Amino acid sequence: MTSSTVAGQSAAGQGAGTLADQAYRAISDRLVTLQIRPGEPINDERIAAELGFGRTPVREALKRLEHERLIVAYPRRGTFATEVQIADLGHISEVRRELEPLAAGLAAQRAGEADRAVLDGLLAHLADASDAGADLIRLDMTLHRAIYAATRNPYLEDTLIRYDNLATRIWCLFLDRLPGLAGHVHEHGPLLRAIMEGDTEKAAALAEEHVKGFEAAIRSVI
């Protein structure tokens, strides 16, 4: 699996979808990985030109991103990437500590043959993963989205993608100061195996430990 494949899958593990879906995934990736910096103005015309889309799908994507708290629009001022609020870490982690174990447990129960093939491929890719920060971030996003998809619950999947995006923005903000990035991502190995083996309790426990470890790592550097 190539890094470009991983980047594409990190969008949500879905097909190409509509132009608005494609624009959403492209802009979301830039916002989540801080290629568009917090507080930076968002120009829909410029983004449309860069992505090769019309302005209509880009505007539809921006509406969705505003709902997900990745951008904010101010009357007469314009649209901006939201600031990363460290004070939100506790609120985000509070939600993820409940929902990530639920998702892992459901994935262990419900993952079908196609899901298991995806997880097995990611497990193999994880073993050969680069230690480059940007590659690891995208791989982490891809791993989470594959687990969410395997829950077969689109509402849970959408909710967790939203909160994982917010958590990842915080992670990217402190990326240069966080030790053990590779180790954090490689924690997914045992989690993926537990899901593939159908071990609900182990998968849930590992997911909870993973979320707690993320919060602790961030708090250690702020």
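Computed from a predicted model, the values in this text were never measured in an experiment. (Residues numbered from 1 in each chain as written. Predicted model: local features only at pLDDT ≥ 70, side-chain atom pairs only at ≥ 80, totals over all residues. Heavy atoms only, no water.)

Section: the side chain of Arg169
Of note, Arg169 is situated in helix H8 (residues 154-173). Summary of buried charges: Arg169 has no salt-bridge partner, and the nearest side chain of opposite charge, Glu83, is 7.0 Å away. Of the polar contacts made by the side chain of Arg169, one reaches the backbone oxygen of Leu31; its length is 3.2 Å. (Helix = DSSP H or I, 4+ residues; strand = E, 2+ residues; numbered from the N terminus. Buried < 20%, exposed > 50% of the residue type's maximum accessible area, 1.4 Å probe, protein only. Lys, Arg positive; Asp, Glu negative; His and termini not counted. Salt bridge = Lys/Arg side-chain N within 4 Å of Asp/Glu carboxyl O. Polar contact = N/O pair within 3.5 Å; in protein donor to acceptor, adjacent residues only side chain to side chain.)

As for the pattern of salt bridges
Within the structure shown, the criterion is met by 15 salt bridges. In this structure, Arg30 engages Glu50 in a salt bridge whose closest nitrogen and oxygen atoms are separated by 2.7 Å. In this pair, Arg30 is assigned in helix H2 (residues 19-32) and Glu50 in helix H3 (residues 44-51), connecting sequence segments 20 residues apart. Classification of Arg30 by relative accessible area gives partly exposed; the value is 23%. We classify Glu50 as partly exposed; its relative accessible area is 43%. Salt bridges sharing partners connect three or more residues here, namely Asp44, Glu45, Arg55 and Arg59.

A short note on the sheet that holds strand S2 (residues 71-74)
With antiparallel pairing, 3 strands are arranged side by side in an open sheet as S1-S3-S2. Both edges of this open sheet fall to strand S1 (41-42) and S2, since each of them pairs with a single strand only. (Pairing = 2+ DSSP bridges.)

Comments concerning the nonpolar core
The biggest cluster of nonpolar side chains holds 56 residues, and the ones touching the most others in it are Ile27, Leu31, Ile42, Val58, Leu65 and Val185. Looking at this core, the element that brings in the most residues is helix H7 (residues 133-150), giving 8 residues. The contacts of Leu65, once residues within four sequence positions are left out, are Tyr24, Ile27, Ser28, Leu31, Leu70 and Ile71. Ranked by size, the runner-up nonpolar core spans 6 residues in total, among them Ala103, Leu106, Tyr148 and Ile161. (Core = buried A, V, L, I, M, F, W, Y, C linked by side-chain atoms within 4.5 Å. Contact = heavy atoms within 4.5 Å.)

As for helix H11 (residues 200-219)
End to end, H11 covers 29 Å across 20 residues, agreeing with the expected 28 Å (1.5 Å per residue, within 8%). Those residues of H11 not exposed but buried are Ala203, Ala204, Ala207, His210, Val211, Phe214, Glu215 and Ile218. Buried positions in H11, seen along its axis, are confined to an arc of 125° and lie on one side of it. Of the exposed residues in H11, those oriented more than 90 degrees away from the buried face are Glu201 and Glu209. Structurally, H11 contributes buried residues whose contacts are with helix H5 (89-110), H7, H8, helix H9 (181-186) and helix H10 (188-196). (Expected span 1.5 Å × (residues − 1). Arc of directions from axis to C-beta.)

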